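Chain by chain, the residues:
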Amino acid sequence: MLLKRYLVQVVEPTVKAALIDSGRPTYWLITANDLPGAWRKFTKQRFGALLPTPSDYDITFHDTRSV
């Protein structure tokens with residue numbers, strides 16, 4: 001089975017600084033079938049019903065893993 005992983009990183013400086021100050025991560029690796037699926041999974045896991053501002057984050061393909 002081939003797993004696709006996407007990297008989500010904070011790009012907005014004030015959000016990034018606040019996360020760093022609170023000791024929280026500023027990037028995440030998300031496993032999903034495609035880019036839109038990775039974004040949906042990330043927002044649901046990290047924010048629930050309160051969606052983040054998409055322009056504060058960058059999401060890109062990271063790699064594939066065979067399991």
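Attention in this report is confined to the structure presented alongside it. (Residues numbered from 1 in each chain as written. Predicted model: local features only at pLDDT ≥ 70, side-chain atom pairs only at ≥ 80, totals over all residues. Heavy atoms only, no water.)

## Considering the overall build of the chain
Looking only at helices and strands, the chain features two helices and three strands. Its C-alpha atoms put the chain at 40 × 20 × 20 Å along the principal axes. Considering the chain as a whole, with its 67 residues, one finds that 28% of them fall into the buried category. Long-range pairs, those at least 24 residues apart, make up 62% of the contacts in the chain with a sequence separation of at least 6. Of the charged side chains in the chain, 9 are positive and 6 negative; the average position of the first set lies 10 Å away from that of the second. (Helix = DSSP H or I, 4+ residues; strand = E, 2+ residues; numbered from the N terminus. Buried < 20%, exposed > 50% of the residue type's maximum accessible area, 1.4 Å probe, protein only. Contact = heavy atoms within 4.5 Å. Lys, Arg positive; Asp, Glu negative; His and termini not counted. Charge placed at Lys NZ, Arg CZ, Asp CG, Glu CD.)

## Remarks on the packing of aromatic side chains
One pass over the structure, following the stated rule, counts eight aromatic pairs. Measuring from ring centre to ring centre gives 5.0 Å for Trp28 and Phe42, while their planes differ by 50 degrees; the resulting arrangement is tilted. You can see Trp28 sitting in strand 2 (residues 27-31) and its partner Phe42 sitting in helix 2 (residues 35-47), a full 14 residues away along the chain. In this pair, the class of Trp28 matches that of Phe42, namely buried. Here a set of aromatic residues connected by ring pairs shows up, and it is made of Trp28, Trp39, Phe42, Phe47 and Tyr57. (Phe/Tyr/Trp six-rings, centres within 6.5 Å; stacked < 30°, edge-to-face > 60°.)

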